[in-house]
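# Structure assessment
Spelled out from the first residue to the last, the chains are:
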Amino acid sequence: MKPLRVVFFGSPEFAVPVLEALARQHHVVLVVSQPAKPAGRGMILKQPAAAKLAESAGIALAQPRRLRKNPEFIEELRSLAPDLGVTAAYGKILPPELLEVPRYGVLNVHASLLPRWRGAAPIQRSLMAGDEVSGITIMQTEEGLDTGPIRLQRRVAVRPQDDAVSLARTLSDLGAEVLMEALTLLAADSLPLTPQDDSAATLAPPLTPEDGHLRWQDSSEQVFNRHRGVAAWPGTSFEFSGQRVKVLELAPWPEPTPPEAVPAQVLGVAEESLLVATGGGALELATLKPAGKGAMSARAWANGRGVKAGVLLV
């Protein structure tokens, strides 16, 4: 197979295995990533993971602040004469004039089984919904939000212990494999092109800080699934006596709860944890992190706040 001239669009850690696989087998003529952003207490500029890889590998890097109404950047792409564009968690929608530049258009490595979970947060939303199966879709990019034809898909089981961090790692590695398979089929002119079923589509909008707020009215399983989905950001938290408390570890409690229990009510204090009722079942809170303090056992936090059985964590 003759190496393709590829322009790669990607930003976070999810994009790294895909870019590495492309660079091993094809000629990546340019990496396009989001600009560096301030991060941490010092607000020091931090490069996206894909940009750092491009710099270390000696691959040309571009970080335009916008793609639309940017004719200079489009002309730069045309001058590279790319065969193909590839996106993997780039973070911006590509304008139509850019999609027309590569000879084979642009393929997107999407972390869901489209048309399920179109949008920016497919991994997180899938976990929050309790999906037991996820996967990778190689999609032909068009102007709509993840609406283009499916070129190739591969399914993977979601493990009960998976959260947004571990599932992203699994799917990024899988995405690299499936993309390489797709490019082999593309070179042989045998890559499928299947329209999506729009009637089966679900949306995966970006997370907000509110997505991490613990919803005591939900069932314990729903709270646990949400906790898995927000593990990378914003994390799970609740507010007690005006203080935001992060929940680092929690799990559904397998035993029945008293019929008189109400959501957010502490049912008991165990050796290192707290048992708290929800809208259906109960949760075992194991590790908490109060604002401005380090991580501690839920019991240690409860002792310090005078929290006992019967107290409502609201």
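Our subject is the structure listed above.
This text gives an overview of the structure that appears in the document. (Residues numbered from 1 in each chain as written. Predicted model: local features only at pLDDT ≥ 70, side-chain atom pairs only at ≥ 80, totals over all residues. Heavy atoms only, no water.)

### Some words on the environment of Lys 46
Note that Lys 46 resides in strand β4 (residues 44-46). Sequence separation of Lys 46 and Pro 263 is 217 residues, and the distance between their C-alpha atoms is 41 Å. Apart from the residues lying within four places of it in its own chain, the contact partners of Lys 46 are Ala 36, Lys 37 and Ala 39. (Helix = DSSP H or I, 4+ residues; strand = E, 2+ residues; numbered from the N terminus. Contact = heavy atoms within 4.5 Å.)

### Topic: a nonpolar patch on the surface
On the surface, a nonpolar cluster with roughly 280 Å² of combined accessible area is contributed by Ile 93, Leu 145 and Leu 203. Look at Ile 93 and you get partly exposed, because its relative accessible area is 43%. (Patch = residues over 30% accessible without salt bridge, like charges linked within 9 Å, V, L, I, M, F, W, Y side chains within 5 Å. Areas by Shrake-Rupley, 256 points an atom, 1.4 Å probe, with all protein chains shown as cover. Salt bridge = Lys/Arg side-chain N within 4 Å of Asp/Glu carboxyl O. Buried < 20%, exposed > 50% of the residue type's maximum accessible area, 1.4 Å probe, protein only.)

### Topic: empty space enclosed by the protein
Considering all chains together, one arrives at one cavity of 30 Å³ or more under this definition. The volume enclosed by the largest cavity comes to roughly 50 Å³. In terms of lining, the largest cavity is formed by Asp 211, Gly 212, His 213, Leu 214, Arg 215, Asp 218, Gln 222, Val 223, Arg 226, His 227, Val 230 and Thr 236. Take the lining of the largest cavity: its biggest share by element is four residues, from helix α7 (residues 220-229). For the lining of the largest cavity, the residue count by class is three nonpolar, five polar and four charged. (1 Å grid on protein atoms, 1.4 Å probe; cavity = no way out; pocket = protein on both sides within 12 Å on 5 of 7 lines; lining within 4 Å. Points joined across faces, edges and corners; volume = space filled by probe spheres on them. Nonpolar A, V, L, I, M, F, W, Y, C, P; charged D, E, K, R; others polar.)

### Digging into the packing of aromatic side chains
Under the definition given, this model contains four aromatic pairs. Ring centres of Phe 9 and Tyr 90 lie 5.6 Å apart, and the angle between their planes is 75 degrees; on these two criteria the pair is classed as edge-to-face. Separated by 81 residues along the polypeptide, Phe 9 in strand β1 (residues 5-10) and Tyr 90 in the loop between β6 (84-88) and α4 (96-99) bring together distant segments of the chain. Ring geometry for Phe 240 against Trp 301: centres 5.6 Å apart, planes inclined by 70 degrees, an arrangement best described as edge-to-face. (Phe/Tyr/Trp six-rings, centres within 6.5 Å; stacked < 30°, edge-to-face > 60°.)

### Topic: the pattern of salt bridges
Scanning the entire structure with this criterion turns up 10 salt bridges. Between Asp 211 and Arg 125 there is a salt bridge, and its shortest N-O distance comes to 3.3 Å. With Asp 211 in the loop between α6 (164-187) and α7 and Arg 125 in helix α5 (residues 122-128), this pair connects stretches of sequence that are 86 residues apart. Taken as a pair, Asp 211 and Arg 125 share a single burial class, namely buried.

### A closer look at the environment of Pro 209
Mapped onto the elements of the fold, Pro 209 is located in the loop between α6 and α7. Its relative accessible area of 45% is what places Pro 209 among the partly exposed residues. Between the C-alpha atom of Pro 209 and that of Asn 303, which follows or precedes it by 94 residues, the distance is 28 Å. Beyond its immediate sequence surroundings of up to four residues, Pro 209 is in contact with Trp 233 and Pro 234.

### Brief notes about the nonpolar core
The biggest cluster of nonpolar side chains holds 42 residues, and the ones touching the most others in it are Phe 8, Leu 22, Val 86, Ile 136, Ile 138, Leu 179 and Leu 183. Among the elements that line this core, the one with the most residues is α6, at 12 residues. Residues contacting Ile 138, with those up to four places away along its chain left out, are Leu 107, Asn 108, Val 109, Pro 149, Ile 150, Arg 151, Leu 152, Val 178, Leu 179 and Ala 182. By size, the runner-up hydrophobic cluster in this structure holds 20 residues, among which are Leu 214, Val 266, Val 276 and Leu 285. (Core = buried A, V, L, I, M, F, W, Y, C linked by side-chain atoms within 4.5 Å.)

### Focus: the pairing of β6
Most of β6 sits inside the fold, with five of its five residues counted as buried. Residues Leu 84, Val 86 and Ala 88 point to one face of β6 and Gly 85 and Thr 87 to the other, with burial holding for every one of them. Both β1 and β6 contribute to a ladder of five bridges, which runs parallel. What sits directly across from Gly 10, in β6, is Ala 88. Pairing between β6 and strand β7 (residues 106-110): three bridges, direction parallel. Bridge pairing in β7 places Thr 87 opposite Asn 108. (Pairing = 2+ DSSP bridges.)

### Side note on unusual backbone geometry
The residue after Leu 114, namely Pro 115, is reached through a cis peptide bond having omega 15 degrees. When you line up the elements, Pro 115 lands in the loop between β7 and α5. A cis amide bond, omega 5 degrees, links Trp 233 with the succeeding residue Pro 234. If you trace the backbone, Pro 234 turns up in the loop between α7 and β10 (236-240). Backbone geometry at Ala 89 places phi at a positive 55 degrees, although glycine is not the residue there. With respect to the helices and strands, the residue Ala 89 is situated in the loop between β6 and α4. Judged by relative accessible area, Ala 89 falls into the partly exposed class, the value being 35%. Of note, the phi angle at Trp 117 is positive, near 65 degrees, even though the residue is not glycine. By secondary structure assignment, the location of Trp 117 is in the loop between β7 and α5.

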